[in-house]
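Structural overview for review
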Amino acid sequence: MDPKGVLAFAAKNNAKILDLRFIDVPGIWQHVSYPIDELSEDSFDEGFGFDASSIRGWASIHESDMLLIPDPNTAFMDPFRTEPTLVMIGDATDPLSHKPYHRDPRHVAKRAEAYLASTGLADKAFFGAEAEFFIFDSIRFDSAPQHGFYFIDSNEGKWNSGREGDGAGGPNLGYRTRYKEGYFPVPPSDHYQDLRTEMVLKMISIGMDVECHHHEVATAGQAEIDLRFNTLLLSADNMMKYKYIVKNVAAKAGKSATFMPKPIFSDNGSGMHTHQSLWKKNKPLFAGDGYAGLSQMALHYAGGLLKHARALSAIIAPGTNSYKRLVPGYEAPVNLAYSKRNRSAAVRIPVYSESPKAKRLEFRPPDPSCNPYLAFSAMLMAGLDGIKHKIDPGNPLDADIFDLSAEEAAKIPSMPGSLDEALGELANDHKFLTEGGVFTEDYIELWINYKKKNEADAVRMRPHPHEFHLYYDI
């Protein structure tokens, strides 16, 4: 839409409120609302002023004034608000220079797309992310100097098979998901078919293109809804809409949805497997006569992902909890190799279709706690670095990782084992991210310092509840 189209769309839907949204550096949507009469065609040039000093990772107090410029192509009607509310995503802009604010994650994605075009290698990067999440009946947690705990309740969880009721005053009717058997029993074992369908229909109602939905492997309501691929920026926008709808549909139903990658000990975690490919002049560039039907460009792209995967991990698996999922010896994709079918490899090449348009790489280490604008941009930059420098991805890992000898397995490099380790890798390997000014040195330094101070150090210095089991009577 253009500005006139947005105003007509708002009038047609009797919008009463304009809700402008933007994303902070860690990856949470923020918003500010206005009476709809405040929106005019001039608003798309002049923007709306706001104080950015309290936004995580953004401006300091002495440079807090910022403008939000609405992007007309992002307009949709909020399906949850009582009064008709028009939503648009805004781009943060410096009010003095009228240049895009360099710390706005959405602008990083725009810079990544511009850099891709400038290389002449391709004109479009397509991303399709499969974000998994959990649906709980309730969640309690707290962390203070003298206590720390969490308690998850799920009527679908296997640990509730023996209790008298379902927690909501009703009888216990069984049909609990057995350990690692959530993929794909039908209802009533799948408790959330209708809730996921409601999420899908809400997504479709605001113009999102949904491919399918299903229960995932883990107990306690693990779910996945797959969106059709799109360009980098629009896929990142869609991931923010996706999270918003999932959380709000769950909340309306008295449930709690989380994209935390590993909320349950010993069961499967939630990933965000990310499919990606490059196109030029409407032609796919990843199809060829190489391994698994890939082009040499695609193999070099895979080489870039694998070479920089340990540095990428700080952005694509950005929390301390991410490394409770990325654990060697299990099904997690920690092995830095590629394969056409092996899901324990970091890069998988789907072989469902021989169509050139379907040829793509699936990068499996990311999880849905990431900021999608930063994660997609970083993966693209790693892949482009692989193409530019013709990085060989090595031999494919087509063997079952669990059948390899200890000596053979030790030869396969793996993802970092902690956020601290990942941040160290990023500090040592980020030149590929700064090509074309996509990420700046300032942005990398900001990210590392923020994550160390607010997350890695904060978790490292706190006693863990399990340590009381291990050491209290030592």
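Scroll up a little and you will see the structure.
Here we summarise the structure given alongside this text. Numbering of residues starts from 1 in every chain and runs along the sequence as written. Side-chain atom pairs in this predicted model are given and counted only at pLDDT of 80 or more, local residue features only at pLDDT of at least 70, and totals for whole chains, interfaces and linings cover all residues. Heavy atoms throughout the structure, all of them, feed into the side-chain values; hydrogens and water do not.

We count a stretch as a helix when DSSP gives it H or I for four or more residues in a row; a strand needs E for two or more, and each element gets its number in order from the N terminus. Each helix and strand in the chain was counted, giving 14 helices and 18 strands. For the chain, the C-alpha radius of gyration of 23 Å lies close to 23 Å, the compact-globule estimate for 474 residues. By principal-axis analysis of the C-alpha atoms, the chain measures approximately 65 × 60 × 50 Å. By the burial criterion, 53% of the 474 residues in the chain qualify as buried. In the chain, once contacts between residues fewer than 6 apart in sequence are set aside, the share between residues at least 24 apart is 67%. Here the chain displays about 21,900 Å² of accessible surface, and carbon together with sulfur accounts for 53% of that area. In this description the radius of gyration comes from C-alpha coordinates, and the expected globular size is given by 2.2 Å times residues to the power 0.38. For the exposure calls, accessible area comes from a 1.4 Å probe over protein chains only, and a residue counts as buried if that area is under 20% of its type's maximum, exposed if over 50%, partly exposed in between. Throughout, a residue-residue contact means that at least one pair of heavy atoms, one from each residue, lies within 4.5 Å. All accessibility values rest on the Shrake-Rupley procedure with a 1.4 Å probe; residue burial counts only the protein chains present in the view.

This part takes up the state of the cysteines. Disulfide: a pair of cysteine sulfur atoms within 2.5 Å of each other. Enumeration over the complete set of coordinates arrives at zero disulfides. Residue Cys212 stays outside any disulfide, its sulfur separated by 19 Å from that of Cys370, the closest cysteine.

Let us look at empty space enclosed by the protein. Picture a little ball the size of a water molecule; that probe, rolled over the atoms, points out where space is still empty. Any residue with an atom within 4 Å of a point lines the site, the site being either a cavity, points on a 1 Å grid over the protein atoms alone where a 1.4 Å probe fits but cannot get out, or a pocket, an open set with protein on both sides within 12 Å along at least 5 of 7 lines. Grid points are joined across faces, edges and corners, and a volume is the space filled by probe spheres set on the points. Enumeration according to the criterion identifies two cavities of 30 Å³ or more in this entry. If you add up the space inside the largest cavity, you get close to 60 Å³. Forming the walls of the largest cavity are Phe127, Gly128, Ala129, Leu227, Arg228, Phe229, Asn230, Ser235, Asn238, Met239 and Phe376. Looking at the lining of the largest cavity, the elements with two or more residues in it are β7 (124-136) and α5 (232-252). Gly falls in the polar group here, along with every residue not listed as nonpolar (Ala, Val, Leu, Ile, Met, Phe, Trp, Tyr, Cys, Pro) or charged (Asp, Glu, Lys, Arg). When grouped by side-chain class, the residues that make up the lining of the largest cavity number six nonpolar, four polar and one charged. Quantified by volume, the second largest cavity comes out at close to 30 Å³. Looking at the second largest cavity, the residues that line it are Ile315, Leu374, Leu426, Phe439, Tyr443, Ile444 and Trp447. For the lining of the second largest cavity, the element with the highest residue contribution is helix α13 (residues 441-460), accounting for three residues. Residues that form the lining of the second largest cavity fall into these classes: seven nonpolar, no polar and no charged.

What follows concerns the side chain of Arg325. Within the secondary structure, Arg325 sits in helix α8 (residues 322-325). In terms of polar contacts, Arg325 uses its side chain to reach the backbone carbonyl oxygen of Arg364, at 3.0 Å. Here the side chain of Arg325 touches Pro365 through a polar contact of 2.8 Å, landing on its backbone oxygen. Residue contacts for Arg325: discarding those within four places in its chain leaves Pro261, Lys262, Gly269, Ser270, Gly271, His273, Ala332, Pro333, Arg364, Pro365, Pro366 and Asp367. Polar contact is defined as a pair of N or O atoms within 3.5 Å, subject to the rule that within protein one atom must be able to donate a hydrogen and the other to accept it, and that residues adjacent in sequence are counted only when both atoms are side-chain atoms.

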